[in-house]
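# Overview (structure and organization)
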Amino acid sequence: MIEARNLVKRYGSTVAVNDLSFSIRPGMVTGFLGPNGAGKTTTMRMILGLDAPTQGSVTVDGRSYRDLPAPMREVGALLDAKALHGGRRARDHLLCLAQSNGIPRSRVDEVLRIVGLEAVARRRTKGFSLGMGQRLGIASALLGDPAVLIFDEPVNGLDPDGIHWVRTLMRELAAEGRIVLVSSHLMSEMAVTADHLLVIGKGRLIADTSVDEFVRSSSQQSVHVRSPQAAELAARCREAGATVRASLEEAFMGLTRDSVEYQAAGATP
Amino acid sequence: MTDAAIARTGPDHRAAFRAATFADVLRSEWTKLRSVRSTFWALTATVVLGIGLGAAISAATAHGYAKFSASGKLSWDPTGYSQAGVAIASLAIVVLGVLCISSEYSSGMIRTSLIAVPKRGRVLAAKSLVFAGVTFVVGEVTCFVAFFVGQALISGHAPHAALGDPGVARAVAGGGLYLAALAVLSVAAGALLRHPAAAIASMIAVLLVLPGIAQALPDSWRNPVTEFWPTQAGTQLTSVYHSAHTLQPWPGFVVMCLFVVIVYAIAWTLLDRRDA
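Everything in this summary refers to the structure shown in the same document. Here the structure is a predicted model, which is why all the values come from computation and not from measurement. (Residues numbered from 1 in each chain as written. Chains lettered and ligands numbered in written order. Predicted model: local features only at pLDDT ≥ 70, side-chain atom pairs only at ≥ 80, totals over all residues.)

### Brief notes about the interface of chain A and chain B
Counting residues at the interface gives 45 residues for chain A, matched by 38 residues for chain B. Examining the composition of the side of chain A that touches chain B, we find that six residues originate from one element, helix 3 (residues 90-100) of chain A, more than from any other. For the side of chain A that touches chain B, the residue count by class is 21 nonpolar, twelve polar and twelve charged. (Contact = placed C-beta atoms within 7 Å. Helix = DSSP H or I, 4+ residues; strand = E, 2+ residues; numbered from the N terminus. Nonpolar A, V, L, I, M, F, W, Y, C, P; charged D, E, K, R; others polar.)

Listed below in structure tokens is the structure:
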């Protein structure tokens, strides 16, 4: 279980994460949802011991990340697909990570096969596309076969095929009884991947709820309608006493409207 | 593509794995060092510059020996000439040492490394140890080959040195030790400053610029600087003859090592405390 208690992170006068408390349970995909700059990455960095919380604490199975005896066997993480030395071959990159946690060499070839990068295993990662980088990052997260997986915006840069692959992978990992935490700023992505949602805005927890509950509370009883005369249809429906929302996207935006950090003038009604 | 084999045994086997050890991190850092091309080129430069420049300077001075004055002949230092390339070769070691950690900061690899090994002191220690070890071996080979090549070029034209002469074996072997200490200093400087350019510039200032400036100072300032400036003091180990206002070989090397320890301790403390 990942447990955060009153997490606070300040950078100078900026408050990136503000009194965040949550617990993440195994066996389901937990979506970490919030607009850009909401504090998702900062929170993940604190879980992984990269940033020290200004106040509060976060633990993995009751221990702070830095105290885990074999971190990669307990937690696998993909924060930034570009966080690697471009001059190193993909296989060597994974090998040095595996060795640091005493993971056998054979596992490197295994994860390369799982993410479908066997053919480029001997290429230097400088020439990798963003999508290949994401796959390599996911491979390194899987190296230790960990019970906890943390992915920051894993579908960024992937083609539709890759997106489908990542979604399926997350669901499979969760079905095996693991903790899977996935961040995204796209509600539509979370709606198809996640079972549970942590919604944050401006570093504060806005909602901690199941995806179904979140959608129900935001959209009440809704019917999804497509129409070439959408505006006219909406007007007629309103006359009949219905509430009209453009999409789930809007439910999310409605909830986080007040906590968006950078808002274009006049972008919202 | 998503076959069923994501897990080897599933997440319920967690009691079975062992804790990661320092030896694991050493293996990892060795893989990191050998898997980038800059390592090969920097070490090649060390060997070629160390041996080549030493040979060129040995040959050139030996040919001029006959024209030397009596006092010039008194300060004749065949070991020193054959080792003259080491000072330049050391710059390649400095650059590689700084890069092996600061390039992790510029590429973002450091975050991946520190997630894998959150006990950060281990990363710095393993990196320093692996790089110092490699530098020591390459340094000793370079210094001894440079010595034999240099003496072969000098003999016949001027008096040459032998390993059995007083202080010669210590001076030649000292070259590898000096380079190894410099290797640790470079890694520590890279960890401390994090930007490759800043760290390389600082190291060159410590090695060349500041001692050069000291030469322009009045004697009362210059002598203690020449005597105790860490990298100057360290090079006493590599010199056969003792000149005025310098430390003895081993005390000089100890001064350099103390300086390395201090910089390393600061780098370790900051690495542990700073957000990565």
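Having seen the structure, we can now continue with the description.
### So, the nonpolar core
The biggest cluster of nonpolar side chains holds 145 residues, and the ones touching the most others in it are A:L94, A:A139, A:I150, B:V184 and B:A188. No other element matches helix 8 (residues 168-193) of chain B, which puts 17 residues into this core. The residues touching A:L94, leaving out its near neighbours within four places in the chain, are A:V108, A:V111, A:L112, A:A139, A:S140 and A:L143. (Core = buried A, V, L, I, M, F, W, Y, C linked by C-beta atoms within 7 Å. Buried ≥ 20, exposed ≤ 12 C-beta atoms within 10 Å, placed from the backbone.)

### Comments concerning the packing of helix 3 of chain A against helix 4 (residues 106-115) of chain A
All names here are of chain A. Closest axis-to-axis distance for the helix 3/helix 4 pair is 9 Å, and the angle between their directions is 130°. Relative to helix 4, helix 3 is oriented oblique. The hand of the helix 3/helix 4 crossing is right-handed. In this structure, helix 3 uses R91, L94, L95 and A98 to contact helix 4, whose residues at the interface are R107, V108, V111 and L112. Looking at side-chain class alone, the contact of helix 3 with helix 4 contains six nonpolar, no polar and two charged residues. (Axes fitted to C-alpha atoms, helices over the stretch in contact; angles between N-to-C directions. Parallel < 35°, antiparallel > 145°, perpendicular 65-115°, else oblique. Left-handed = near helix turned anticlockwise from the far one by under 90°.)

### Focus: the sheet that holds strand 1 (residues 2-11) of chain A
Whenever strands of a sheet pair, they do so through backbone hydrogen bonds, lying parallel or antiparallel. Residues and elements named next belong to chain A. Read across the sheet, three strands follow the order 2-1-4 without closing on themselves; strand pairing throughout is antiparallel. Two strands in the sheet have a free side with no partner beyond their single neighbour: strand 2 (14-24) and strand 4 (55-60). Averaged over all pairs of adjacent strands, the angle between strand axes in this sheet comes to 20°, irrespective of strand direction. Sheet topology note: the strand 1/strand 4 ladder contains five bridges and is antiparallel. Counterpart to R5 in the pairing with strand 4 is S57. This element, helix 1 (residues 40-47), spans strand 1, strand 2 and strand 4 of the sheet and lies at about 115° to strand 1. (Pairing = 2+ DSSP bridges.)

### Things to note about the packing of helix 5 (residues 85-107) of chain B against helix 9 (residues 196-214) of chain B
Residue and element names in this part refer to chain B. Helix 9 packs onto helix 5 with a crossing angle of 155° between their chain directions and a minimal axis gap of 8 Å. For the element pair helix 5 / helix 9, the angle class is roughly antiparallel. Remark: the crossing between helix 5 and helix 9 carries right-handed chirality. Here V94, V95, V98, L99, S102, S103 and S106 of helix 5 lie close against helix 9, whose contacting residues are P196, A199, I200, M203 and L207. The residue makeup of the contact of helix 5 with helix 9, split by class, is nine nonpolar, three polar and no charged.

Limitation: the analysis is restricted to geometry and does not speak to function.
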